[in-house]
Number of protein chains: 2
Amino acid sequence: MHISTQRLDNYDAVDAYPTRLPDREAIKERRDPVLWSEWSEDAPISREEAEHYDKNGYLVRRDLFDADEIDCLVSTAQRLRDTDPAERPADFVTEPSSDEVRTVFRLDEHSPVFARLAADTRLAGVAEFLLNDRVYVHQSRLNYKPGFKGKEFYWHSDFETWHAEDGMPRMRAVSASVLLTDNSKLNGPLMLIPGSQNEFIACLGETPEDNHKSSLKAQEIGVPQPETIRRFAEDLGLDTATGPTGTVVFFDCNTLHGSNGNITPDPRSNAFFVFNAISNRPVDPFAAPKPRPAWLSNRDKIRPIEPIEGRIKAG
Amino acid sequence: MHISTQRLDNYDAVDAYPTRLPDREAIKERRDPVLWSEWSEDAPISREEAEHYDKNGYLVRRDLFDADEIDCLVSTAQRLRDTDPAERPADFVTEPSSDEVRTVFRLDEHSPVFARLAADTRLAGVAEFLLNDRVYVHQSRLNYKPGFKGKEFYWHSDFETWHAEDGMPRMRAVSASVLLTDNSKLNGPLMLIPGSQNEFIACLGETPEDNHKSSLKAQEIGVPQPETIRRFAEDLGLDTATGPTGTVVFFDCNTLHGSNGNITPDPRSNAFFVFNAISNRPVDPFAAPKPRPAWLSNRDKIRPIEPIEGRIKAG
């Protein structure tokens, strides 16, 4: 597979996507490709998959891991969540109303197994193809949405936050979510608006200091207005990324997504990796006083991944 | 159709379903039939439908109303919700965090159209068959769960509350929910545990004074323990009652149900009628200091319905 690390003119010299506007929301056309590579026979996904990703801004891939690999990932995640409350680092985030771990950030630093997963050709290799560049992990996390009381997460574009608060210049990043539980339409699955990645919603409202302290529990700044979401959903529809444990969902950094709360007994969990193109490393934030902490936005340990073939094993 | 108004021995002389226990939850077998009639050729539902209701505790019926009837119901509901805030009676309940009407109680008293709907053979006539008795409206309401911020409603049995707080003696009541919006798996549909109607979960916790003032926004007393819900859902499964506008969902008073929150743009609305057997009229509450108000629990205007044939029309 050929990787170009090609950069567009004036790549990060100007703010390509102004946002956090003081007086109004604005919608601008995307200035970057969604699929950065030309598909060829040696690509790690099929031509149909590449076209689906380019058109819709996401791709659901199943049956990539065998049962032993899935067992290894699930049990490793459980051990991380079982970390004694007294010993939890600052990047373990709990539910608003309980002591249960909802998110473990810097997942690849807390766990060799998940570091190995991130580097797998089935993840990093696909990300290299989608972005046509070498990639590094901008953010990684283990998400856990418990049964009975899993909270919703409102519609948003990840790129809007990464651009405004982390200084990510352009739309050349992709998230990969590896499902660690079965995910149905009823237990708070990822919902996406297909095609929404093609427009940038410059959000209303200036960024408060330390916005991440509240936005991780319930995002209020950097989200589109409800009427905009309504129009996008009416024009483009709504899809869900569901599947059995081990399913991988790739979605472009600018695809609008969210998830409902969950009163069913079934929890939802996934391992989440943001792959950014090495050519797209962060600069100063475009709409925030200072960058978010390193556990949310990697800017000091930018190491291109060497994709690894083969099966994932514990130890 | 033959209606018997047959009563069981010692029908309301004793508390058949003690609940709100001070020290523990308890699970008891149901002491009443689910389907009170024998099916025959002149029944208003098919044999298969009757068997489905008896086995699962609910029944979804579609295509009962024509387009003009549905338009009439939807526009009547919208007018009710548009009532000026200053003129809203006490039985209009708003969202916890906004001024939007979430529920209109005593729907049949606020609207001749909805009173006519309640009396329709497609509702009251079916209820008479299921309960093998003449029926009256114990409670009626218009429910509206908005898009974007619709809140969840936790798992519960309605009968538990009606018995404890309203003095409904036995399980001889059925709810009919008429969908006034399309309802998919994603916009907070009614979820039910099939077969759960056959066991009574006597709930932990004594009833506080004026419990209904908080329980309508988020129920905390009179709900099963999460581990009990988990066991029921594992043993019996989980179903959703979805369908296009005009779909009618009948469910037994003791079927466990709940609904997820909803961040999609699509609201969920329904007209909801509780039909109680005339032989099952309320006595003193079994586990509360005094009955709930009349807008929640009709005990003074108990009039058996004369089911009406024909199409529903405005004015």
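All of these numbers come straight from a predicted model, not from anything done at the bench. (Residues numbered from 1 in each chain as written. Chains lettered and ligands numbered in written order. Predicted model: local features only at pLDDT ≥ 70, side-chain atom pairs only at ≥ 80, totals over all residues. Heavy atoms only, no water.)

A closer look at the overall build of chain A
- Tallying secondary structure elements over chain A gives 8 helices and 13 strands in all.
- Taking 315 residues into account, the globule formula puts the C-alpha radius of gyration at 20 Å, and chain A, at 18 Å, falls close to it.
- Overall size of chain A, expressed as C-alpha extent along the three principal axes, is 50 × 45 × 40 Å.
- Scored against the burial criterion, the 315 residues of chain A give a buried share of 61%. (Helix = DSSP H or I, 4+ residues; strand = E, 2+ residues; numbered from the N terminus. Rg over C-alpha atoms; globule rule 2.2 N^0.38 Å. Buried < 20%, exposed > 50% of the residue type's maximum accessible area, 1.4 Å probe, protein only.)

Topic: the interface of chain B and chain A
- Tallying the contact residues gives 22 residues for chain B and 22 residues for chain A.
- Of the roughly 1,900 Å² buried where chain B meets chain A, counting both sides, 72% is carbon and sulfur surface.
- When the buried surface of chain B facing chain A is broken down by residue, Phe-148, Leu-186 and Ile-263 of chain B rank first, second and third, together holding 38% of it.
- Our count for the contact surface shared by chain B and chain A stands at 0 salt bridges.
- Linking chain B with chain A are 8 residue pairs in polar contact (both at pLDDT 80 or more), by the criterion used here.
- Here the side of chain B that touches chain A gets 4 residues from one element, more than from any other, and that element is helix α8 (residues 226-236) of chain B.
- Taken together, the residues that form the side of chain B that touches chain A break down as 12 nonpolar, 7 polar and 3 charged. (Contact = heavy atoms within 4.5 Å. Buried area = accessible area lost by both parts, 1.4 Å probe. Salt bridge = Lys/Arg side-chain N within 4 Å of Asp/Glu carboxyl O. Polar contact = N/O pair within 3.5 Å; in protein donor to acceptor, adjacent residues only side chain to side chain. Nonpolar A, V, L, I, M, F, W, Y, C, P; charged D, E, K, R; others polar.)

Here's the deal with the relation of the copies chain B and chain A
- Each copy superposes on the other: chain B lies on chain A with an RMSD of 0.0 Å after a rotation of 180° and an axial shift of 0.0 Å. Within this description, the copies of the chain are treated as partners about a two-fold rotation axis. Measuring from the rotation axis to each C-alpha of chain B, the shortest distance belongs to Gly-261 of chain B, at 2.8 Å.
- A share of 100% of interface residues in chain B that are also interface residues in chain A marks the association as one of identical surfaces. (Least-squares fit on C-alpha atoms with pLDDT ≥ 70 in both.)

Looking at the packing of helix α2 (residues 67-81) of chain B against helix α4 (residues 112-119) of chain B
Residues and elements named next belong to chain B.
- The contact between α2 and α4 brings their axes to 10 Å, and the two run at 135°. As far as their axial angle goes, α4 and α2 are oblique. Here α2 runs over α4; the crossing is left-handed. Only Val-113, Phe-114 and Leu-117 of α4 make contact with α2, whose side of the interface consists of Cys-72, Leu-73, Thr-76, Ala-77 and Leu-80.
- By residue class, the composition of the contact of α2 with α4 is 7 nonpolar, 1 polar and no charged. (Axes fitted to C-alpha atoms, helices over the stretch in contact; angles between N-to-C directions. Parallel < 35°, antiparallel > 145°, perpendicular 65-115°, else oblique. Left-handed = near helix turned anticlockwise from the far one by under 90°.)

Here's the deal with the sheet that holds strand β6 (residues 153-156) of chain A
Residue and element names in this part refer to chain A.
- On the basis of which strands lie adjacent, the open sheet formed by 4 strands has the order β6-β12-β8-β10 and antiparallel pairing. The outermost strands of the open sheet, each flanked by one partner alone, are β6 and β10 (239-241). When the angles between neighbouring strand axes are averaged without regard to direction, this sheet yields 25°.
- In this structure, strand β8 (residues 190-192) lies alongside strand β12 (residues 257-259), joined through 3 bridges in antiparallel fashion. The residue of β12 that forms the bridge with Leu-192 is His-257. (Pairing = 2+ DSSP bridges.)

Remarks on the packing of helix α4 (residues 112-119) of chain A against helix α5 (residues 121-131) of chain A
Residues and elements named next belong to chain A.
- It is at 4 Å that the axes of α4 and α5 come closest, and there the two elements cross at 40°. Classified by the angle their axes make, α4 and α5 are oblique. From α4, Leu-117, Ala-118 and Ala-119 reach across to α5, where they touch Thr-121, Leu-123 and Ala-124.
- Taken together, the residues of the contact of α4 with α5 break down into 5 nonpolar, 1 polar and no charged.

A short note on the packing of aromatic side chains
- As enumerated under the stated definition, the model contains 14 aromatic pairs over all chains in all.
- Between the aromatic rings of Tyr-154 of chain A and Phe-148 of chain B, the centroid separation amounts to 6.3 Å while the plane-to-plane angle is 55°, which identifies the pairing as tilted. Placement of Tyr-154 of chain A in strand β6 and of Phe-148 of chain B in the loop between β5 (135-145) and β6 (153-156) is noted, with the two residues assigned to different chains.
- A relative accessible area of 18% places Tyr-154 of chain A in the buried class.
- Consider the rings of Phe-159 of chain A and Phe-200 of chain A, whose centres lie 6.0 Å apart with planes at 75°: the pair is edge-to-face. One end of the pair, Phe-159 of chain A, is in helix α6 (residues 158-166); the other, Phe-200 of chain A, is in strand β9 (residues 199-202), with 41 residues separating them in the sequence.
- For Phe-159 of chain A, a relative accessible area of 0% translates into the label buried.
- Counting every residue linked through ring pairs, the aromatic cluster contains Tyr-17, Phe-159 and Phe-200 of chain A.
- Directly above the aromatic system of Phe-272 of chain A lies the positively charged group of Arg-141 of chain A, at a separation of 4.2 Å from the ring centroid. (Phe/Tyr/Trp six-rings, centres within 6.5 Å; stacked < 30°, edge-to-face > 60°. Lys NZ or Arg CZ within 6 Å of the ring centre and 35° of its normal.)

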